[in-house]
Amino acid sequence: MKTLAIILYIIGSGLLIASCFTTGVALTWWLGGFAVASLIAGCICQYNSRSR
């Protein structure tokens, strides 16, 4: 779970940075939404790995 959390954090950070450089509004929102979702999933995985 710890490795999955790190991977999700990296993906989320990359998508968030990429959404800053896109020109289309819809694409920016989609990338931002996926970034936030993967960062939240990373937090959940990190929490589940610590509680065991």
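What counts, and where the lines are drawn
Residues numbered from 1 in each chain as written. Predicted model: local features only at pLDDT ≥ 70, side-chain atom pairs only at ≥ 80, totals over all residues. Heavy atoms only, no water. Helix = DSSP H or I, 4+ residues; strand = E, 2+ residues; numbered from the N terminus. Buried < 20%, exposed > 50% of the residue type's maximum accessible area, 1.4 Å probe, protein only. Contact = heavy atoms within 4.5 Å. Disulfide = S-S within 2.5 Å. Patch = residues over 30% accessible without salt bridge, like charges linked within 9 Å, V, L, I, M, F, W, Y side chains within 5 Å. Areas by Shrake-Rupley, 256 points an atom, 1.4 Å probe, with all protein chains shown as cover. Salt bridge = Lys/Arg side-chain N within 4 Å of Asp/Glu carboxyl O. Polar contact = N/O pair within 3.5 Å; in protein donor to acceptor, adjacent residues only side chain to side chain.

(A) Representation of the overall build of the protein within the structure. Regarding its fold elements, the protein presents two helices and zero strands. Principal-axis analysis of the C-alpha atoms places the extent of the protein at approximately 45 × 15 × 10 Å. A buried classification covers 19% of the 52 residues belonging to the protein. When contacts within the protein are restricted to residue pairs at least 6 apart in sequence, long-range pairs at least 24 apart make up 65% of them.

(B) Spatial organisation of the state of the cysteines. Per the counting criterion, the structure on display carries zero disulfides. With no disulfide of its own, Cys-43 lies 9.4 Å from the sulfur of Cys-45, the closest cysteine sulfur.

(C) Seen up close, the side chain of Ser-38. By the element assignment, Ser-38 lies in helix H2 (residues 25–50). Here Ser-38 falls in the buried class, since its relative accessible area comes to 9%.

(D) Up close: a nonpolar patch on the surface. Residues Val-36, Ile-40 and Ile-44 make up a contiguous nonpolar surface patch of about 270 Å² in total accessible area. Residue placement: Val-36 occurs in helix H2.

(E) Molecular detail of the side chain of Ser-19. Turning to its location among the elements, Ser-19 is positioned in helix H1 (residues 2–20). Relative accessible area serves as the criterion here: at 8%, Ser-19 is assigned to the buried category. Engagement of the side chain of Ser-19 in a polar contact is seen with the backbone oxygen of Leu-16, the distance being 2.7 Å. Sequence-distant contacts of Ser-19, defined by excluding residues within four places in its chain, comprise Thr-28, Leu-31 and Gly-32.

Honestly, that's just the spatial picture; any functional story needs more than this.
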